[in-house]
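# Chain and residue survey
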Amino acid sequence: MEYSFPQYLLAKQSVDDRALNKDVLQALRLHLSPSPLRVIELGAGIGTMLTRLLRWDILPPTATYILLDQMPENIAHAHQWLPLWAGQNGWQAQPTPQGIHLQRGEQSVQVELIQADLFDYIPQKPQPAHLLIAHAVLDLLPMPQSLPPLLSLLQPGGLAWLTINFDGVTTLEPTLHPELDSRIESLYHLSMDKRPSGGDSQSGRHLFGHLKQAKAPILAAGASDWVVYPYNGEYPAQEAYFLHFILHFFEESLTRHPSLDPHAFAHWLQERHAQIDRAELVYIAHQMDFLVGAPT
Ligand SMILES: C[S@@+](CC[C@H](N)C(=O)[O-])C[C@H]1O[C@@H](n2cnc3c(N)ncnc32)[C@H](O)[C@@H]1O
């Protein structure tokens, strides 16, 4: 199987659609400023949160959307994919020097595509945003020290919607080998805690304290678990690919781990991939969403 990160982000869309905490989303709708709205999304991948906000009719009639990611592959994919998505969903897309302009009737979104490390972007002091989004990103960053710079991107009275923060539980069903299953799960979580670039396998629960320390009031919080299961004998949309990719993350993180027998691990991966092919595997990852105000 070919593993492509942009394809994984595409396949993740329907899983995230179900997972996003709808009470937190409702709070976002209630608190969101009217037009013109300025949004900055950090670690935005290929732009699937932008298209979700358009599909779910969350953006006001006029918006500027800064879509930033460090991976050149993601930003290149966004340049191609966003106009395609627009064409298939009733939007007109025009290339602009900074990115893409999307228009549908009276609704207009000026999208700026930026390939950069967010820690290089923040000191450039961009115009502050009404809404900051970090979706499936905060659990990859050094915490708590990343929060003050991130939140400095907000205008006074602005909002940060911080979603899909992993929180320490991975479940794969049915069980294969109880002892090996749980060893692999703990080593996988440990590998998140030991990434040189930062990361926390319990970022969801820890954000309550980190946000308090950063003086960012929590307006809403709730679970946003990924729950992937076969329906009528098959996985919806591209969720089988999503599951294979999750196993690929396990493989990348744990191959040659000194506490794992390489043959047993390779066999475990093979058996788990086979469970996906037979539409048997159920995958649950516990995560948390937050809506917070700008630091007071
Ligand atoms: C799990 S992916 C999520 C992507 C997107 N938010 C989505 O859910 O489709 C995490 C993203 O954060 C980006 N990222 C991680 N650290 C970053 C940094 N320091 N600066 C900019 N982007 C970063 C990665 O390149 C990756 O695309």
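Below you will find a few notes about this structure. The structure presented is a predicted model; accordingly, all values stated were derived computationally and were not measured.

Here we take up helix H10 (residues 262-277). The end-to-end C-alpha distance of H10 is 23 Å, a good match for the 22 Å that 16 residues give at a rise of 1.5 Å each. Here H10 has its buried residues at Phe-265, Trp-268, Arg-272 and Ile-276. When H10 is viewed along its axis, its buried side chains cluster within an angular range of 80 degrees and face the same direction. Exposed positions of H10 whose direction lies more than 90 degrees from the buried face are His-263, Gln-270, Glu-271, Ala-274 and Asp-277. Lining the buried residues of H10 we find strand E7 (154-173), helix H7 (178-193) and helix H9 (239-254). Once H10 finishes, Ala-279 follows within two positions and takes phi at roughly 50 degrees, a positive value.

Looking now at unusual backbone geometry. Here the residue pair Ser-35 and Pro-36 is connected by a cis peptide bond, since its omega of -15 degrees sits within 30 degrees of zero. For Pro-36, the position within the fold is in the loop between helix H2 (22-31) and strand E1 (37-42). With an omega dihedral of -5 degrees, the bond running from Glu-173 to Pro-174 counts as a cis peptide bond. Considering the arrangement of structural elements, one finds Pro-174 in the loop between E7 and H7. A positive phi angle, near 60 degrees, is found at Ala-136, a position not held by glycine. Inspection of the secondary structure puts Ala-136 in the loop between strand E6 (129-135) and helix H6 (147-151). Of the residues examined, Ala-136 has 20 C-beta atoms within 10 Å and is grouped as buried.

The rules behind each value
- Residues numbered from 1 in each chain as written.
- Predicted model: local features only at pLDDT ≥ 70, side-chain atom pairs only at ≥ 80, totals over all residues.
- Helix = DSSP H or I, 4+ residues; strand = E, 2+ residues; numbered from the N terminus.
- Expected span 1.5 Å × (residues − 1).
- Buried ≥ 20, exposed ≤ 12 C-beta atoms within 10 Å, placed from the backbone.
- Arc of directions from axis to C-beta.
- Contact = placed C-beta atoms within 7 Å.

Scope: geometric values only; no functional claims are made or implied.
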